[in-house]
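This is what each chain is made of:
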Amino acid sequence: MIKHIFKMIWNKKKQNSLLIVEILLSFMVIFGVFSYGLNAYSNYATPMGINYKQVWAISYNHTLDTKSADSVTMVYENLLNNIKAMPQVIDAGYHSNNIPFSTNHMSGGLKYKDEVIYYINGYDVDQNFLKVTGATMASGRWYNKADAAQRGKIVVINQFLKEKMFGKEDAIGKTFGNAEGKDPVKIIGVVNSIKQEGDYQKLSYGRYNLHDTAAYKWMGKILVKVAPGSGADFEGKLYKLMANTLRKSNIEIEHLDNKLTAYNKFTVVPLIIMSIVAGFLIINVALGIFGVLWYNINKRRGEIGLRRAVGATGNGVSQQLVYEALVLTTLSLVVGTFFAVQFPLLHVFDLPAIVYVKAMLSAIVFIYLLVLVCSLYPGKQAAAVYPAVALHEE
Amino acid sequence: MIKLQNIQKVYRTSTVETLALNSINLDVAKGEFLSIMGPSGCGKSTLLNIMGLLDNPSGGTINIADQTIDKFSDKQLAQFRNSKLGFIFQSYHLINDLQVLDNVELPLLYRDSTAKERKALASEALEKVGLSNRMKHFPTQLSGGQRQRVAIARAIVGNPSIILADEPTGNLDSAMGNEVMDILINLNRNEGTTIVMVTHDENMAHKTHRLVRLFDGSQVQ
């Protein structure tokens, strides 16, 4: 029977081509939406790497008049100590402007052996970073006060970069240079990767540089871990302290969890829009498939009557029509899969290959189910065709 | 071979009740070639559909090949039609998207058979109707007479004991009609196939063993 169905489809290839194209286009759209959604989910399932709750980010700009570097250093160190001394503060530390969930980026390249790796995010941090953010070490150690003397010669990288550079090898003690291979630094620690760009974005390569105590003015942010229940009153006091210390500075206090929510919208909003568009498309496709199959059945009533006359049961006719729809779907999916496979092969959109494979399989299952559901009712209608009436109509 | 007792067929709508067949009693013997005649709308095709188990009577009993077809399920009816009955229609009812050979193979698809067996039987049937040279043609590439011969090949391919023909020469000119009629007569004579034929053509009807006339749903001869 399958051979017979293939023969019918092949001999009616012109009439079937429209349906094949329609199913093919739906598959490609569903594949796109699923790839985007699965990638977002896969990123969401990756640990955040920090505990961002009760972490506040204070933004400031350098407004101190003094030209003395030592005085500047003293002011900023005092400021941090004063913040830490506040009863609601658990810990605090300086951070360059590219704190988690901000749109600021500072990236560069590095060279290890003969390989140059680009798009390495560089973060200038102090020794308090782990305590403030709750980030954890994968291996090695974080910076301590004594490391100030070795600043620029040692570095902590994130696990994502470590895996790219060394795979399963130990990274501690190994050195790498900048993109030109100069200014070598030694790795002293590997920190578990932090999703800097929110829940739904992929991990990125990162290196954490111990900040220069002679250049506080370039840091721009202070991350503060506050005790649960710290509210607007405390925020006001913190603001006042900052404003009194850095007069004329633009002070802004943000909560990392709010920043995360805002950042997540960059992914969630397009996903919702895509899903709505895809949803309408799926409804259109479903109605299209349903309509084409219904039309085919009405056009083929004589044939259905004949098949009943020569020995087909009602269910047999129904099954045949459903099988025909599924065979057409298979033809569309063979072509669709050929195009879909190009995405991981050609690294389109730079998503992991496994995401494309999962999206492809999900889209295939989805399209089969869609066609099955859309063909069941017309198939049932075909089974109900009364042979004597159908044969008389032709 | 076919025994119809007190067959009635009533078509009902919400407002009208039409009596299509009224107490038809008919015996068709094994190997008989029977023709049914009557004016349009007298119930000839309805009677043939009931004999072919394509339609249910409103009353009465049908006995075919010693089996009473009262409580057959859809599956049993399908199997019975497939193994015992062959159909020929005025408008041929060939599937235009299938080649002649595939059209003839159609009844064999609904029984246990291999592709090789199907091909052999279909080729043999086409040979019997003189169309072995048209196997790879599509129905639209054939004349009306040739199409009806393909339909006959399809009707006989499963070696049924009964053939039901609904105006098989109705769409053909007299020469082609005679050709088709000769094939049916030979089938009846050589293979012993029981044939019931509905026709409007007196000449064709007189070539059969017996003629039954219907008028307004009742048997008048």
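Rules used in this analysis
Residues numbered from 1 in each chain as written. Chains lettered and ligands numbered in written order. Predicted model: local features only at pLDDT ≥ 70, side-chain atom pairs only at ≥ 80, totals over all residues. Helix = DSSP H or I, 4+ residues; strand = E, 2+ residues; numbered from the N terminus. Buried ≥ 20, exposed ≤ 12 C-beta atoms within 10 Å, placed from the backbone. Contact = placed C-beta atoms within 7 Å. Rg over C-alpha atoms; globule rule 2.2 N^0.38 Å. Nonpolar A, V, L, I, M, F, W, Y, C, P; charged D, E, K, R; others polar. UniProt positions renumbered as here; feature names shortened; annotations may be inferred. Pairing = 2+ DSSP bridges. pLDDT = per-residue confidence, 0-100. Domains from an automatic or database assignment.

Structural notes on the overall build of chain A
Scanning chain A for helices and strands turns up 11 helices and 11 strands. With the C-alpha coordinates aligned to their principal axes, the bounding extent of chain A is approximately 105 × 50 × 30 Å. For chain A, with 394 residues in total, the buried portion stands at 36%. Considering only contacts in chain A between residues 6 or more positions apart, those separated by 24 or more positions represent 83%.

Digging into the overall build of chain B
On a plain count of helices and strands, chain B comes out with 7 helices and 10 strands. In summary, chain B has a C-alpha radius of gyration of 17 Å against a globular reference of 17 Å for 221 residues, a match within 12%. In terms of overall dimensions, chain B has C-alpha extents of about 50 × 40 × 35 Å along its principal axes. For chain B, the share of sequence-separated contacts (at least 6 apart) that also reach a separation of at least 24 residues comes to 71%.

Looking at the interface of chain A and chain B
Opposite the 21 residues of chain A that make contact, chain B presents 25 residues. Within the residue set of the side of chain A that touches chain B, elements represented by two or more residues are helix 1 (2–11), helix 8 (301–310) and helix 11 (387–393) of chain A. Of the residues contributing to the side of chain A that touches chain B, the split by class is 9 nonpolar, 7 polar and 5 charged.

Points about the UniProt feature "domain: ABC3 transporter permease C-terminal" (unreviewed entry) in chain A
When the UniProt feature table is mapped onto this chain numbering, "domain: ABC3 transporter permease C-terminal" (unreviewed entry) sits at residues 276–384 of chain A. In the segment residues 276–384 of chain A, helix accounts for 89% and strand for 0%; the C-alpha atoms at its two ends are 36 Å apart.

Observations regarding the sheet that holds strand 10 (residues 218–219) of chain B
All names here are of chain B. If you trace the 6 strands from one edge of the open sheet to the other, you get 6-7-8-3-9-10, paired in mixed fashion. If you trace the sheet from one side to the other, it starts and ends with strand 6 (85–89) and strand 10, each paired once. Relative to strand 7 (residues 162–166), strand 6 is paired through 5 bridges, and the arrangement is parallel. From the neighbouring strand, Gly-86 faces strand 7, where its bridge partner is Ile-163.

Re the sheet that holds strand 2 (residues 17–28) of chain B
Residues and elements named next belong to chain B. Across the sheet, 4 strands lie side by side as 2-1-4-5; this open sheet has antiparallel pairing. The sheet terminates laterally at strand 2 and strand 5 (67–68), the two strands that pair on one side only. Where strand 1 (residues 2–12) lies against strand 2, 8 bridges are found, and the strand directions are antiparallel. Opposite Val-10, over in strand 2, you have Leu-19 as the bridge partner.

What about the confidence of the model for chain A?
Across chain A, pLDDT averages 90, with 99% of residues at or above 70. Ranking the elements of chain A by mean pLDDT puts helix 11 of chain A last, at 80, and strand 8 (residues 185–191) of chain A first, at 96.

So, the domain arrangement of chain A
Residue and element names in this part refer to chain A. If you check the domain split of chain A, you get domain 1 (2–45 + 263–393) and domain 2 (61–250). Relative placement of domain 1 and domain 2: their C-alpha centres are 52 Å apart. The interface is formed by 7 residues belonging to domain 1 together with 7 residues belonging to domain 2. Partitioned by chemical class, the residues of the side of domain 1 that touches domain 2 number 4 nonpolar, 3 polar and no charged.

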